[in-house]
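Secondary and tertiary structure notes
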Amino acid sequence: MARFSANLGFLWSTLPLLERIERAAASGFKAIELQWPYDTPAQEVKAAVARLKLTLLAVNTPMGDTSIGESGLAALPGREADFQQAFNQSLQWCIGSGAPAIHVMPGILKPGTEVQARETMIRNLQWAADQAAPHGVTLLLEAINQRDKPGYFYSKQADSNSIREACGRSNIKLMFDVYHVGCAEGDILTKLAQYMPHIGHIQIAAVPTRNEPDEGEVNYPNVLKRVDELGYTGWIGCEYRPRGEVEAGLGWLKAY
């Protein structure tokens, strides 16, 4: 269980962040990852994490204008200044809290902007990686399946990896979310082996329900065995929607 991280954007999501952190520690988690923690001071989170002997992993960049359906800014042509402001917010929060990674969200594309979006994404990531590097912060790129986010900049590992390669920055890694890989393309074990040298974090949830990873079509004992065989020593993020009370659904962890 020590290898599993509680994603507090999904687990205990209705509670204030500091209370979610307490619940994660009380449930036996040794690490946490966040999504948008910016309404809670970074120093308060840092203090809670230290007191509870937790490891803080990552945050997401701000979504942008959610009232018009934005889901990130990094790949949106013409929004470079907004992206830089959002990224700086994330980076300063990480510096204050001790979080070592930022999931950079590219956003939903307008039809016909694909070429511009790719160029914008690469420039923005190169700039962001250069800002983050002196602080030891890694940037994470996560392909998200099109069923959950239609029009999202990338949905397959080959596409997010292509952006990583084009950026030429050693502090840009892939976020391999088994749920999204399962929904978008399948062949999970092969893709784990293919991209493992470039993976900075792994997340899990049942496919197709996104509930606890003890149901559905993905055999997680086999997946996590393969992760071990491939030499991954990082955390496994539990980014799933609980079927009911979080604690009631944690029985699946006993197998590990």
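Look above for the structure.
Residues numbered from 1 in each chain as written. Predicted model: local features only at pLDDT ≥ 70, side-chain atom pairs only at ≥ 80, totals over all residues. Heavy atoms only, no water.

Looking only at helices and strands, the chain features 8 helices and 9 strands. The C-alpha atoms of the chain give a radius of gyration of 17 Å, which matches the 18 Å a tight globule of 256 residues would have. Structurally, the chain occupies a C-alpha span of about 45 × 40 × 35 Å along its principal axes. Evaluated residue by residue, the chain yields a buried proportion of 52% over its 256 residues. Taking the contacts inside the chain whose residues are at least 6 apart along the sequence as the reference set, 75% of them involve residues at least 24 apart. For the chain, the exposed area adds up to about 10,900 Å²; of that, 50% sits on carbon and sulfur atoms. Here the chain holds 24 positive side-chain charges and 28 negative ones, and the gap between their average locations is 4 Å. (Helix = DSSP H or I, 4+ residues; strand = E, 2+ residues; numbered from the N terminus. Rg over C-alpha atoms; globule rule 2.2 N^0.38 Å. Buried < 20%, exposed > 50% of the residue type's maximum accessible area, 1.4 Å probe, protein only. Contact = heavy atoms within 4.5 Å. Areas by Shrake-Rupley, 256 points an atom, 1.4 Å probe, with all protein chains shown as cover. Lys, Arg positive; Asp, Glu negative; His and termini not counted. Charge placed at Lys NZ, Arg CZ, Asp CG, Glu CD.)

Moving on, we get to the packing of helix H7 (residues 188-195) against helix H8 (residues 220-229). Contact geometry for H7 and H8: axes closest at 10 Å, N-to-C directions at 20°. Here H7 is positioned roughly parallel relative to H8, judged by the angle of their axes. H8 is crossed by H7, and the crossing has right-handed handedness. Between H7 and H8, the residues in contact are Ile 188, Leu 189, Leu 192 and Ala 193 and Asn 222, Val 223, Arg 226 and Val 227, respectively. Looking at the contact of H7 with H8 residue by residue, the classes come out as 6 nonpolar, 1 polar and 1 charged. (Axes fitted to C-alpha atoms, helices over the stretch in contact; angles between N-to-C directions. Parallel < 35°, antiparallel > 145°, perpendicular 65-115°, else oblique. Left-handed = near helix turned anticlockwise from the far one by under 90°. Nonpolar A, V, L, I, M, F, W, Y, C, P; charged D, E, K, R; others polar.)

Per the counting criterion, the structure on display carries 11 aromatic pairs. On the numbers, 5.3 Å between centres and 85° between planes, the contact of Phe 4 with Trp 252 is edge-to-face. Within this pair, whereas Phe 4 is found in strand E1 (residues 4-7), its partner Trp 252 is found in the segment after strand E9 (236-238), the two being separated by 248 residues in sequence. Owing to a relative accessible area of 7%, Trp 252 belongs among the buried residues under this scheme. Centre to centre, the rings of Tyr 38 and Trp 93 are 6.2 Å apart; their planes meet at 85°, and the pair counts as edge-to-face. A residue pair is termed long-range when its members are at least 10 positions apart, and Tyr 38 in the loop between strand E2 (31-33) and helix H2 (42-51) and Trp 93 in helix H3 (residues 80-97) qualify at 55 residues. The buried category is assigned to Tyr 38, whose relative accessible area is 19%. According to the relative accessible area criterion, Trp 93 is buried, its value standing at 7%. Through a chain of ring-to-ring contacts, three or more aromatic side chains come together here, namely Phe 4, Tyr 240, Trp 252 and Tyr 256. (Phe/Tyr/Trp six-rings, centres within 6.5 Å; stacked < 30°, edge-to-face > 60°.)

Here we take up the side chain of Gln 157. Looking at the element boundaries, Gln 157 is found in helix H5 (residues 157-167). Among residues more than four places away in sequence, those in contact with Gln 157 are Ala 143, Leu 174, Met 175, Phe 176, Val 181, Glu 185 and Tyr 195.

Packing of H2 against H3 brings their axes to within 8 Å, and their N-to-C directions diverge by 35°. Crossing of H2 over H3 shows right-handed handedness. Each of Ala 42, Gln 43, Val 45 and Lys 46 in H2 lies in contact with H3, whose residues at this interface are Trp 93, Gly 96 and Ser 97. Taken together, the residues of the contact of H2 with H3 break down into 3 nonpolar, 3 polar and 1 charged.

Here, disulfide denotes a covalent bond that connects the sulfur atoms of two cysteines. One pass over the full model with this rule turns up 0 disulfides. Cysteine Cys 167 shares no disulfide, and the gap to the nearest cysteine sulfur, in Cys 94, comes to 18 Å. Its sulfur unpaired, Cys 238 is 17 Å from the next cysteine sulfur, which belongs to Cys 183. (Disulfide = S-S within 2.5 Å.)

Quick look at the nonpolar core now. Counting 81 residues, the largest nonpolar core has Phe 29, Ile 32, Leu 139 and Ile 202 as its most contacted members. For this core, the leading source of residues is helix H4 (residues 114-132), giving 7 residues. Residues Ala 58, Ala 101, Leu 140 and Met 175 belong to the second largest nonpolar core, which totals 6 residues. (Core = buried A, V, L, I, M, F, W, Y, C linked by side-chain atoms within 4.5 Å.)

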